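Chain by chain, the residues:
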Amino acid sequence: MNAPLLDVRGLKTAFPTRAGEVKAVDDVSFTLQSGQVLGLVGESGSGKSVTGFSIMGLLEPPGRITGGEILFDGVDLAKLHQEDMRSLRGRRIAMIFQDPMMTLNPVLRIDTQMIEAIEAHRKVPRGEARACARDALAQVGIPSPEERLDAYPHQFSGGMRQRVAIAIALINRPDLIIADEPTTALDVTIQSQILSEIQKLTAEHGTALIWITHDLSVVSRLADDVAVMYAGKIVERGAVGDVIDRPMHPYTFGLVQSVPSRNRKGARLAQIPGMTPSPLDLPAGCAFRTRCGRADEACATPPPSAGAADHVCRCFHPREVTA
Amino acid sequence: MSAIAYSLDAAAPHCGAVPMVEIRDVSRRFGRKPDLLGRASIALGLVKPPAVVRALDRIDLTIAKGEVVGLVGESGCGKSTLGRIVAGILPPSEGQVFWQGQDIATMPAVERRAESLRIQMVFQNPFAAINPRLPVAEVVGEAPRVHGLIEGGRGAEAAYVDEQLVRAGLDPSLKGRYAHQFSGGQRQRIGIARALAVQPEVLVCDEAVAALDVSIQAQILNLFMDLREELGLTYLFISHDLGVVEHLSDRVAIMYLGRIVEEAPAVEIFSRPNHPYARALLAEVPRIEIGKRAFSSLKGELPSPLHPPSGCHFHPRCPYAFARCKIERPELRTVAPGHKSACHLNERH
């Protein structure tokens, strides 16, 4: 196997607060090959978005990376200077946000913004940049792209705005796209349209994709690999089929079981008791142990890795998996 | 419940029992009403009439006692407006709303006040729906006290509030706290406890689990199911989450741009959807399925409700549309027992 495109090793990101340091991401490691789709799944506060922001170098101070390496094509992004990071960002790594208005400037026309994104990284004649922008809009399925280039963001619907944001992310043919819940706020039929565009485009260009979401059903349809996060740590990682059909970690199992379509109609849903602990007051050892049916005294110490290299979980008492 | 003595309307679909809620031919428009000068200038053709959104366009819906009706549709289709009209929070522009056979527009004010307690709402955003300046005990206890539902003094009120909180799965010792001190799931439980505190028979849940994490969502859905069993509640469950609606509902109505396009028992509609929009929408039920399945995509987007397409609202996106669809509005017609659909294709063989 080639060297991975992205190799995150022991990433730690923390936010100092008055009440103490919040370890939003705590010892996260994963690798991603070119053209691979990784689903990063977790509930709110699990650290999945902060992982994405750490890779992009977009952490809001006082949040900072306190340890670990983010090797992108062999270069450690965590130690890169702002200037070098800026030349990478948008060209080789792009991000799609949940709210497309984070990408778009409301007072500038779409063409201005798209051409700006091209010219930031390439010296091209104006006309060529504009043609490039038009093609990018057409590619993400925006009708009459030539006319739409002259429009302002508020003249687009929510779904169309997200398509523009995706077009901007794709415009410099990046090697890696980090997508942070880009379809969560959209209607199901629009979500489906956008997912099919993304699937097509990443496959065509061989772009690697990190899809951050809380929605297991989207991941099960889109991703090659899944990493499940809980309280700042990846608790389980593996091929999408293995993780969802044969979850090892009790938390993953609980998540999969609580999806309504996995339950008999009208029956009580399998539920995970309790709620996510406060990041300031995590239980020692395994953070999930206070909600876990399998927990015992051993779980008060940090859990070991279990399973094979292509399907691992952090647990003392993983569920038996029969391959 | 008192015996109900009025004559049944011939059009009542559930013969023998008066439906819990019935809305008949209800429309709701939103828009500014022009003043006298404005009306005159419109009549003279000097200005265009102000834009009016028809959020609901001649809707009929009945909810039987003890039933869970799921209302599905994409944003802007009018499902929340319908929920508010059913709950009596919003008056319809046209049409009638009946609560247990009584037209609420003709109800005397005193009676209306008492009757309105029977239908309560649970909202999507518990952050916005709860007064941040009141302790939970007051959030839950205010309405029953005002309406005189608690007999006895302060002690009785405290006990009553505790009972409501316990039923919604909250620790009553936390009742002195304020909304911001609770997590999202707990806040939704407060919203549910508040709705249940006035002893309603119907709950209108407007995207009540949409803002919650998956594991918390399952807890709240279980609570809804437990309460249905325990209190015999009737639900109008509004959601864009097809998986949730499929799981919970007895009957499902699908809305598109202000109209109900299909209505059927849940099992029937999910296994044999009739309307082309319903088929496209229900193909998107979130399921955990392994394997990269192609995302079937319905072309286009929801048109603006300010200028809905003529005839069948769905025709510009419909792969089967033909000439008649552009001209004539399809009526909701029975296609199988208990299964209604509004599509011209059903008459073309």
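Residues numbered from 1 in each chain as written. Chains lettered and ligands numbered in written order. Predicted model: local features only at pLDDT ≥ 70, side-chain atom pairs only at ≥ 80, totals over all residues.

What follows covers the overall build of chain B. Helix and strand counts for chain B come out as 12 helices and 12 strands. Against the 2.2 N^0.38 benchmark of 20 Å for 349 residues, chain B shows a C-alpha radius of gyration of 22 Å, consistent with a compact globule. With respect to the principal axes defined by its C-alpha atoms, chain B has extents near 70 × 60 × 45 Å. By residue count, 42% of the 349 residues in chain B fall in the buried class. (Helix = DSSP H or I, 4+ residues; strand = E, 2+ residues; numbered from the N terminus. Rg over C-alpha atoms; globule rule 2.2 N^0.38 Å. Buried ≥ 20, exposed ≤ 12 C-beta atoms within 10 Å, placed from the backbone.)

Let us look at the domain arrangement of chain A. Residues and elements named next belong to chain A. Partitioning chain A into domains gives domain 1 (6-92 + 172-314) and domain 2 (102-171). For domain 1 and domain 2, the distance between their C-alpha centroids amounts to 29 Å. Listed per partner, the contact involves 14 residues of domain 1 and 15 residues of domain 2. Broken down by element, the residue count for the side of domain 1 that touches domain 2 peaks at 6 residues, all from helix α7 (residues 188-205). Of the residues belonging to the side of domain 1 that touches domain 2, the class tally is 9 nonpolar, 3 polar and 2 charged. (Domains from an automatic or database assignment. Contact = placed C-beta atoms within 7 Å. Nonpolar A, V, L, I, M, F, W, Y, C, P; charged D, E, K, R; others polar.)

With that out of the way, let us pick up unusual backbone geometry. All names here are of chain A. With an omega of 10°, the peptide bond running from Pro61 to Pro62 counts as cis. Among the structural elements, Pro62 can be located in the loop between α1 (48-56) and β4 (64-72). In this structure, Asp27 is a non-glycine residue whose phi angle is positive, near 60°. Locating Asp27 in the fold gives a position in strand β2 (residues 20-32). Not every positive phi belongs to a glycine, and Asp73 is a case in point at roughly 55°. Mapped onto the secondary structure, Asp73 falls in the loop between β4 and β5 (75-76).

All names here are of chain B. Along strand β7 (residues 202-206), 5 of the 5 residues are buried, which leaves the element largely enclosed by surrounding structure. Neither face of β7 is left uncovered, since the one carrying Val202, Val204 and Asp206 and the one carrying Leu203 and Cys205 both have all their residues buried. Where strand β6 (residues 119-122) meets β7, 4 bridges bridge the pair, whose relative direction is parallel. Directly across from Ile119, in β7, lies its bridge partner Val202. (Pairing = 2+ DSSP bridges.)

With that settled, consider the nonpolar core. Counting residues in each nonpolar core, the largest one holds 185 residues, and the members touching the most others are Trp211 and Val228 of chain A together with Phe237 of chain B. A per-element tally of this core places helix α6 (residues 158-170) of chain A first, with 8 residues. Here this core gathers at least three residues from each of two domains, domain 1 (6-92 + 172-314) and domain 2 (102-171) of chain A. Each residue touching Trp211 of chain A, except ones within four places of it in the same chain, is listed here: Val37, Gly39, Leu40, Ala179, Val219, Leu222 and Ala223 of chain A. (Core = buried A, V, L, I, M, F, W, Y, C linked by C-beta atoms within 7 Å.)

All names here are of chain B. The strand order β2-β1-β4-β5 describes an open sheet built from 4 strands, whose pairing is antiparallel. Looking at the sheet topology across the chains shown, the edges are occupied by β2 (53-63) and β5 (102-103). This element, helix α2 (residues 79-87), spans β1 (21-30), β2 and β4 (94-99) of the sheet and lies at about 125° to β1. (Axes fitted to C-alpha atoms, helices over the stretch in contact; angles between N-to-C directions.)

Taken together, the 36 residues of chain B in the interface contact 40 residues of chain A. Looking at the side of chain B that touches chain A, the elements that each hand over two or more residues are α8 (214-231), α9 (242-248) and α11 (276-282) of chain B. With 8 residues, α8 of chain B is the single largest residue contributor to the side of chain B that touches chain A.

All names here are of chain A. Following the sequence through the fold, Arg294 ends up in the loop between α10 (250-257) and β11 (305-308). It is 44 Å that separates the C-alpha atoms of Arg294 and Thr103, two residues lying 191 residues apart in sequence. Residues in contact with Arg294, not counting those within four places in the same chain, are Pro250 and His317.

With that out of the way, let us pick up the sheet that holds strand β11 (residues 333-336) of chain B. All names here are of chain B. Taken together, 8 strands build an open sheet; the order of strands is β6-β7-β8-β3-β9-β10-β12-β11 and the sheet is mixed. Looking at the sheet topology across the chains shown, the edges are occupied by β6 and β11. Each adjacent strand pair in this sheet contributes to an overall mean axis angle of 25°, direction not counted. Where strand β10 (residues 259-265) meets strand β12 (residues 339-341), 2 bridges bridge the pair, whose relative direction is antiparallel. If you follow Glu263 over to β12, its bridge partner there is Lys340.

It is worth spelling out the confidence of the model for chain B at this point. Mean pLDDT for chain B: 86, with 93% of residues reaching 70 or above. Here residues 1-15 of chain B is modelled with pLDDT under 50, and outside its nearest four sequence neighbours on either side it reaches 10 contacts, counting other chains as well. (pLDDT = per-residue confidence, 0-100.)

To continue, consider helix α4 (residues 126-139) of chain A. Residues and elements named next belong to chain A. With 14 residues, α4 should cover 20 Å at 1.5 Å per step; its first-to-last C-alpha distance of 20 Å lies within 8% of that length. Of the positions making up α4, those classed as buried are Ala129, Ala133, Ala136 and Leu137. One side of α4 holds all its buried residues, which, seen down the axis, span an arc of 100°. Along α4, the residues that are exposed and aim more than 90 degrees away from the buried face are Gly127, Glu128 and Asp135. Tucked inside the fold, the buried residues of α4 contact α3 (110-119), α5 (145-148) and α6. After α4 finishes, the residue Gly141 shows a positive phi value of roughly 80°. (Expected span 1.5 Å × (residues − 1). Arc of directions from axis to C-beta.)

Residues and elements named next belong to chain B. Here Lys65 lies in the loop between β2 and β3 (68-72). Classification of Lys65 by C-beta neighbours within 10 Å gives partly exposed; the count is 17. Spatially, the C-alpha atoms of Lys65 and Phe322 are 40 Å apart, while their sequence positions differ by 257 residues. Beyond its immediate chain neighbours, meaning those up to four positions away, Lys65 contacts Ala17, Met20 and Thr234.

Residue and element names in this part refer to chain A. Of the strand pairs in this sheet, β11 and strand β12 (residues 311-314) are connected by 4 bridges, and their pairing is antiparallel. The residue of β12 that forms the bridge with Ala306 is Cys313. The turn joining β11 and β12, which pair antiparallel and follow one another in sequence, is formed by 2 residues.

Residue and element names in this part refer to chain B. With respect to the helices and strands, the residue His344 is situated in the segment after β12. The class of His344 is buried, set by 22 C-beta atoms lying within 10 Å. Sequence spacing of His344 and Arg329 is 15 residues, and the spatial spacing of their C-alpha atoms is 8.6 Å. Once residues within four sequence positions are removed from consideration, His344 is found in contact with Cys312, Arg324, Cys325 and Pro330.

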